[in-house]
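# Structural overview
Given next are the chains, with one letter for each unit.
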Amino acid sequence: MAGNYDFGLVGLGVMGRNFILNVADNDFSAYGLDTDPDKVASLKQEGEGKKVSGTTDKLDFINQLATPRKIMLLVPAGGPVDAVIRDLRPHLDKGDLIIDGGNSFFTDTDRREEGLRENGIYFIGSGVSGGAKGARFGPSIMPGGAKEAYELVRPIFEAVSAKVDGTPCVDYLGQKSAGNYVKMVHNGIEYGLMQLISEMYAVMKSGLGLSNAEMHSTFDQWNHGRLQSFLVEITADIFTKKDELSDADLVDMILDKAKQKGTGKWTSQNAMDLGMPIPTIDAAVSMREISAMKSMRVEADEKYDDNVGESVVPSVDDVEQALYFSFIVTYAQGMTQLAAASEEYGYGLDMETIAKIWRGGCIIRAGLLEDMRSAYDADPGLKSLLLDDTMADMVKSTVGGARKVLSYAIATGTSMMGLAASVSYFDAFRSGRLPLNLIQAQRDHFGSHTYERTDREGIFHTEW
Ligand code: 6PG
């Protein structure tokens, strides 16, 4: 039996409820499913007057949806996604579509897509970014899978997504798990940018002695300049929040242990598999891990004096340059990983499309994304953003500030793994000759692993 509802959504947690209300606001009728009656009730309450309803009964859910059914899952990644698919599959018709909107690991998406395809059911793995607010008022959506499957849901996704100058922040990205892969790297970049912002906070706090109020105005000012971005904007906001349980500012009362759900780590792990260097993102993952070792850090803090040197304190402008420089380097690393993954997994990714749909709605949205989009528009085969002339100019004009901040950090014992990785990545990337000839010599010396020469073709070995 089929009904009239345009869109179904499974999982009426905050993200699910907000997404389905967004769908209804855009004049598509939508029906929700959740095993928790309270969640169904709150959807009905919030959706009063809109073309939205819900149920706890999966058969009722299936029967209310117009065919081909378009069913989006917003349930936790992993086992719950498989469980919902197992539950729904026997009741679906050929040509129906399931969309997984969670942060699923990309190989899980490939397995699910293949399994459902055998039954004539479409499956799209789609990243959705922007948190609860984004889901409600316009996220960035990153779908991958069969192109004809995307066409079924395209009008709905284009309507609900964020818009930049009228352009929807959603587009078909590529075959198979392309959507989840792009979202994974989005999150890796997110980790990198967040780490870099926290490092600039550290230098402005301890080096420049900025108060939280001054920190607020500095980040706010940056957000109105070339660093305009969602993460800089919310950082400015954070410094204005008073604690409700003490007289302090809330930021000062928050424990310095950063948690993670794994998408940044997956980005680093897969970059290693692809042989693609993304050291800023690796550093961001490592820093979350180091932050978690709180008791060991406290013990070490007592053991080692602050017996560190002095250095010229960088200016706020230097810090702004350092952040801008390292933001560019982080995006550049993520984009080269995406290009390599596209080759390896046959996604057929288009870099300009990715930059385009990241300009709005998502956590890493930033003014810089428009510059990146133009770079890929001018040269679709661009191998690295750092090779684009406009990007190169931005990098050249800011690397000086990055070096000053990093020198200060090293001299004063301020940990800056993200900035250090960014500067070193850049310096290695721009070196026509690296000292790794010596590594080749060592390998040949101890293991006869051979080497190539600078002056002639061929493979050589020396009896050292
Ligand atoms: C987004 C976010 C979202 C999630 C973060 C948090 O794009 O909306 O990336 O997917 O909130 O990934 O991740 P961690 O818990 O690993 O920091």
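The following refers to the structure shown.

Analysis parameters
- Residues numbered from 1 in each chain as written.
- Predicted model: local features only at pLDDT ≥ 70, side-chain atom pairs only at ≥ 80, totals over all residues.
- Heavy atoms only, no water.
- Helix = DSSP H or I, 4+ residues; strand = E, 2+ residues; numbered from the N terminus.
- Rg over C-alpha atoms; globule rule 2.2 N^0.38 Å.
- Contact = heavy atoms within 4.5 Å.
- Areas by Shrake-Rupley, 256 points an atom, 1.4 Å probe, with all protein chains shown as cover.
- Lys, Arg positive; Asp, Glu negative; His and termini not counted.
- Charge placed at Lys NZ, Arg CZ, Asp CG, Glu CD.
- Salt bridge = Lys/Arg side-chain N within 4 Å of Asp/Glu carboxyl O.
- Expected span 1.5 Å × (residues − 1).
- Buried < 20%, exposed > 50% of the residue type's maximum accessible area, 1.4 Å probe, protein only.
- Arc of directions from axis to C-beta.
- Near = heavy atom within 4 Å.
- Polar contact = N/O pair within 3.5 Å; in protein donor to acceptor, adjacent residues only side chain to side chain.
- Nonpolar A, V, L, I, M, F, W, Y, C, P; charged D, E, K, R; others polar.
- Domains from an automatic or database assignment.

A tally of helices and strands in the protein chain yields 20 helices and nine strands. Over its C-alpha atoms the protein chain spans a radius of gyration of 25 Å, differing by no more than 12% from the 23 Å that the globule rule assigns to 464 residues. Each of the three principal axes of the protein chain carries a C-alpha extent, and together these read 75 × 70 × 45 Å. The contacts in the protein chain between residues at least 6 apart in sequence include a share of 68% that link residues at least 24 apart. Approximately 21,700 Å² of the protein chain is accessible, and the part contributed by carbon and sulfur atoms is 51%. Here the protein chain contributes 46 positive and 66 negative side-chain charges, whose respective centroids are spaced 3 Å apart.

Our next topic: the pattern of salt bridges. In this structure the tally under the stated criterion is 28 salt bridges. We note a salt bridge from Asp96 to Arg69, for which the minimum N-O separation is 2.7 Å. With Asp96 in the loop between helix H4 (79-88) and strand S5 (97-100) and Arg69 in the loop between helix H3 (58-64) and strand S4 (70-73), this residue pair connects regions lying 27 residues apart in the sequence. When the shortest N-O distance is used, the salt bridge between Arg403 and Asp427 registers 2.8 Å. Taken together, the residues Arg403 in helix H18 (residues 389-412) and Asp427 in helix H19 (residues 417-429) connect sequence positions 24 residues apart. If you follow the salt bridges from partner to partner, you end up with Asp82, Asp100, Asp108, Arg111 and Arg112 in one network.

This next bit is on helix H9 (residues 212-223). Over its 12 residues, H9 extends 16 Å from the first C-alpha to the last, a length consistent with the 16 Å expected when each residue adds 1.5 Å. Within H9, burial applies to Asn212, Met215, Thr218, Phe219, Trp222 and Asn223. Relative to the axis of H9, the buried residues are bounded by an arc of 135° and lie together on one face. Opposite the packed face of H9, turned more than 90 degrees from it, sit the exposed residues Ala213 and Gln221. On the buried face of H9, the contacting elements are helix H8 (178-207), helix H10 (230-238), helix H11 (250-253) and helix H15 (316-345).

A few words on the site of the ligand. Near the ligand you find 14 residues, and of these Ser129, Glu190, Tyr191, Lys261 and Arg288 are the closest. For the ligand, an oxygen atom lies 2.5 Å from a polar atom in the side chain of Ser129. One of the side-chain N or O atoms of Glu190 is found 2.7 Å from an oxygen atom in the ligand. Among the elements that make up the shell around the ligand, the one with the highest residue count is H8 (five residues). Along the lines of polarity and charge, the residues of the shell around the ligand split into two nonpolar, eight polar and four charged. Built from parts of two domains, the shell around the ligand gets at least three residues from each of domain 1 (7-176) and domain 2 (183-429).

Purely geometric stuff here, so don't read any function into it on its own.
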